[in-house]
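# Notes for the structure review
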Amino acid sequence: MKDENKTTAGEAVKTTLSRKLPPRLDIRVDWAFHRIFSNKKHLQKIIRDLLEMDIEVLEYLPNELVVSSEHDKRSVFDVICRNSGTGETFVLEMQNNYEADMPARLYYYGGSLLHNQMKRGELKYEVQSVVVCCIATYSVPHNGPVPEGKVFFRYRMMENETHEVYDGDKLNICFLELSRFEHYLDKDSDLRQQWCWLFENMSIFVERPKELDPSFDELIEDASTQKLTAMEREDYLKALEISERDRVVLYEGGYYMGHRDGVEEGREEERLSNARIFKSLGVDPEIICQATGLSAEQVASL
């Protein structure tokens, strides 16, 4: 029997296509993300606000990773640019779904961009810094507790005890974790937290919060759906359709996988419980393995 509280991917798509566009773009959607940050003013602002770095002039770079052979993995960036004053390269990635290989992917992006700065035959190794910044709607796993209110994480190579940053900070991996934001602004909200609020609320807020810094006003204005041409509206609706479908598929997949995993965990615990009883009664370990399906190592560890 179908769960009345759940929405299928097909139903979600129909709902998206038939609904009226909100007053502003949802900049978590890929199409809108590209549109907003194709404006250099907005791109400079987010880099300055997140990284607290001085940006002189940004120039956009080709968004496909240059490969040296047909066997190399090709990758496409959401946004990539260079600070023409210092040579630093910045990559911005919008991530709405958690993927276990995301850290490895970001290292691959950064490492490849460092590698591509060197040309065959050059005798002296000289590379400029690369910063890969992922804007994630989910919480990234961390090894320890996270300070309350912290939404931005920047990883770099440094000495273990003195925390000395190695050789000019050549590779940075960063995360802006939207889900760690408390969902409201106050007088103490910094620019990073304000970016979190804007990513989550751009398309839905009615009244502009007084705590939002005036430097966001032009970005909010440029996100107006009234400025879209008829073709752009159609493109945005298609992007919304894809985003909504992916969200529903991810939810439904997670629901069924969680249910399946929960059932399997219950069965495993039942097998372990039975094995403990058999073992307490002095039953031969080999027979316990045959009766429960556990390995000899699992039985021995009980």
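Data block above holds the structure.
As a starting point, this report considers the structure included with it. (Residues numbered from 1 in each chain as written. Predicted model: local features only at pLDDT ≥ 70, side-chain atom pairs only at ≥ 80, totals over all residues. Heavy atoms only, no water.)

### Describing the layout of surface pockets
Put simply, the rule is: In the cavity and pocket records, a cavity denotes points on a 1 Å grid over the protein atoms alone where a 1.4 Å probe fits but cannot get out, a pocket denotes an open set with protein on both sides within 12 Å along at least 5 of 7 lines, and lining residues are residues with an atom within 4 Å of a point. Grid points are joined across faces, edges and corners, and a volume is the space filled by probe spheres set on the points. Residue classes follow a fixed rule: Ala, Val, Leu, Ile, Met, Phe, Trp, Tyr, Cys and Pro count as nonpolar, while Asp, Glu, Lys and Arg count as charged, and any other residue, Gly among them, counts as polar.
Volume-wise, the second largest pocket comes out at about 320 Å³. Forming the boundary of the second largest pocket are 15 residues, of which Leu 61, Arg 82, Leu 113, Asn 116 and Gln 117 lie nearest the centre. For the lining of the second largest pocket, the per-class residue count stands at seven nonpolar, five polar and three charged.

### Here we look at the side chain of Ser 129
Filter applied, for reference: Here a helix means four or more residues in a row that DSSP labels H or I, a strand means two or more in a row labelled E, and each is numbered from the N terminus. By the convention used here, residues are in contact when the closest approach between their heavy atoms is within 4.5 Å.
Structurally, Ser 129 is set in the loop between helix H4 (102–115) and strand E4 (130–136). Contact partners of Ser 129, with chain neighbours within four places excluded, come to Gly 87, Glu 88, Thr 89, Gly 168, Asp 169 and Lys 170.

### Some words on the environment of Glu 126
You can see Glu 126 is positioned in the loop between H4 and E4. Separated by 12 residues in the primary sequence, Glu 126 and Leu 114 have C-alpha atoms spaced 9.5 Å apart. Excluding residues that lie within four positions of it along the chain, Glu 126 makes contacts with Gln 117 and Met 118.

### Quick word on the packing of helix H3 (residues 40–51) against helix H5 (residues 191–201)
To keep it simple, the criterion reads: For every element, the axis is a line fit to its C-alpha atoms; helices are fit only across the contacting stretch, and the angle between N-to-C directions ranges from 0 to 180 degrees. Throughout this description, any angle smaller than 35 degrees is read as roughly parallel, any larger than 145 degrees as roughly antiparallel, any in the 65 to 115 degree range as roughly perpendicular, and the remainder as oblique. Put simply, a crossing is left-handed when the front helix is turned counterclockwise from the back one by less than a right angle, and right-handed when it is turned clockwise.
Axis separation between H3 and H5 bottoms out at 8 Å; the angle between their running directions is 130°. For the element pair H3 / H5, the angle class is oblique. At the point where H3 passes H5, the crossing takes the left-handed sense. Within the contact between the two elements, H3 uses His 42, Lys 45, Ile 46, Asp 49 and Leu 50 and H5 uses Leu 191, Arg 192, Trp 195 and Phe 199. Classifying every residue of the contact of H3 with H5 by side-chain character gives five nonpolar, one polar and three charged.

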